[in-house]
Amino acid sequence: MGTVVESANQGAVSLPTNKKVTVIFVLGGPGSGKGTQCTNIVEHFGYTHLSAGDLLRAEIKSGSENGTMISNMIKEGKIVPSEVTIKLLQRAIQENGNDKFLIDGFPRNEENRAAFELVTGIEPEFVLFFDCPEAEMEKRLLGRNQGREDDNIETIRKRFNVYMESSLPVIEYYNSKGKVRKIDAVKPVEEVFEAVKAVFTPANEKVAA
Ligand SMILES: Nc1ncnc2c1ncn2[C@@H]1O[C@H](COP(=O)(O)OP(=O)(O)O)[C@@H](O)[C@H]1O
Ligand SMILES: Nc1ccn([C@@H]2O[C@H](COP(=O)(O)OP(=O)(O)O)[C@@H](O)[C@H]2O)c(=O)n1
Ligand SMILES: [Mg+2]
C-alpha cells in the first residue's frame, strides 16, 4: 500500500532513498482542530505528525534564507510556494524512522497537491477532513493563545478566503476520487476524536457495543 519517496531534491545530507511510507492528509479550515486531533491520533495509532505550518514556522526560526519570505506570506495568510514546503516535508519524512505520517495542513492548493504528487510519487491513503463552520473556527483561532502572528482577525479573514478559494477545491478533488473521510468538527474535542477513531479502526476490529 505504501509508496516510494524518490531520491530527488535531497540536498547535501545523506538520506535513505527508497522509503515506503503511508501518508494521510489532514485538511480543514484554519481552527478546525487539525493539530489537536493529530496529537490524539499520534497517541493512539502510532503515526508521526507533520504540520506544514509548524515546519514553515521552524524554518523561519532557523534563520533560513527563505525565512523573511515565509514570514511575510504567513502574516498575509498566503500559501508559500510548494517547492519550499515540499522540501521541508520530504526532509522530515526521510529523517524519521516511522513509516506512517499525518500530513497536517497540506496540500492547501492545487499547486501544493500536484507538485507533491509529482516530486514524491506519494498518493495519500485517504484525506481526513475536519468540517467546521467559519464562526466556530474564528472563535477558536481568536482564543488559541499560541502567540501566532496570523491569529488576528484581519489575517484570519484572509486565511478564510484562501481556504474557500484554494483549499476547498483540493478537498473536492479528493472527494471525487472517493478518498475523503469527513468529520463533523464542531463538537467537543473528545466527541470529534470518537469519529476520528472510527475512521482509523479497521472494519474487522470494530466491535458492536
Ligand atoms: N473540538 C474542539 N472544540 C473546541 N475547541 C477546539 C476543538 N478542537 C480544537 N480546539 C481549540 O481550537 C484551537 C484551534 O485548534 P487547532 O488544533 O490548533 O486547529 P488547526 O490546526 O486546524 O488550526 C486551539 O486553541 C484548540 O485547543
Ligand atoms: N501547505 C501550507 C501550510 C501552511 N502554510 C502557511 O502557514 C500558515 C499557517 O498554517 P497552519 O496549518 O499552521 O494553520 P492552521 O490551519 O493550523 O491554523 C498558513 O496560513 C499559510 O500562510 C502554507 O503556506 N502552506
Ligand atoms: Mg494547525
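Residues numbered from 1 in each chain as written. Chains lettered and ligands numbered in written order. Predicted model: local features only at pLDDT ≥ 70, side-chain atom pairs only at ≥ 80, totals over all residues. Heavy atoms only, no water.

Taken together, 14 residues are adjacent to ligand 1, and Gly31, Lys34, Thr36, Arg144 and Lys187 come closest. The backbone of Lys187 places a nitrogen or oxygen atom 2.8 Å from a nitrogen atom of ligand 1. Within the complex, 76% of the 550 Å² of free accessible area of ligand 1 lies under protein. Elements with a contribution of two residues or more to the shell around ligand 1: α1 (34-45) and α8 (189-200). (Near = heavy atom within 4 Å. Polar contact = N/O pair within 3.5 Å; in protein donor to acceptor, adjacent residues only side chain to side chain. Areas by Shrake-Rupley, 256 points an atom, 1.4 Å probe, with all protein chains shown as cover. Helix = DSSP H or I, 4+ residues; strand = E, 2+ residues; numbered from the N terminus.)

A few words now on the site of ligand 2. Surrounding ligand 2, one finds 20 residues, the nearest of these being Lys34, Lys78, Val80, Arg108 and Arg159. Note that an oxygen atom of ligand 2 is positioned 2.6 Å from one of the backbone N or O atoms of Lys78. Between a nitrogen atom of ligand 2 and a main-chain N or O atom of Gly105, the distance comes to 3.0 Å. Starting from 530 Å² of accessible surface for ligand 2 in isolation, the protein chains cover 96%. Spatially, ligand 2 is embedded in the largest pocket. No other element matches helix α2 (residues 52-61), which puts 4 residues into the shell around ligand 2. Split by residue class, the shell around ligand 2 holds 8 nonpolar, 4 polar and 8 charged. (1 Å grid on protein atoms, 1.4 Å probe; cavity = no way out; pocket = protein on both sides within 12 Å on 5 of 7 lines; lining within 4 Å. Sits in = over half its atoms within 2 Å of the grid points. Nonpolar A, V, L, I, M, F, W, Y, C, P; charged D, E, K, R; others polar.)

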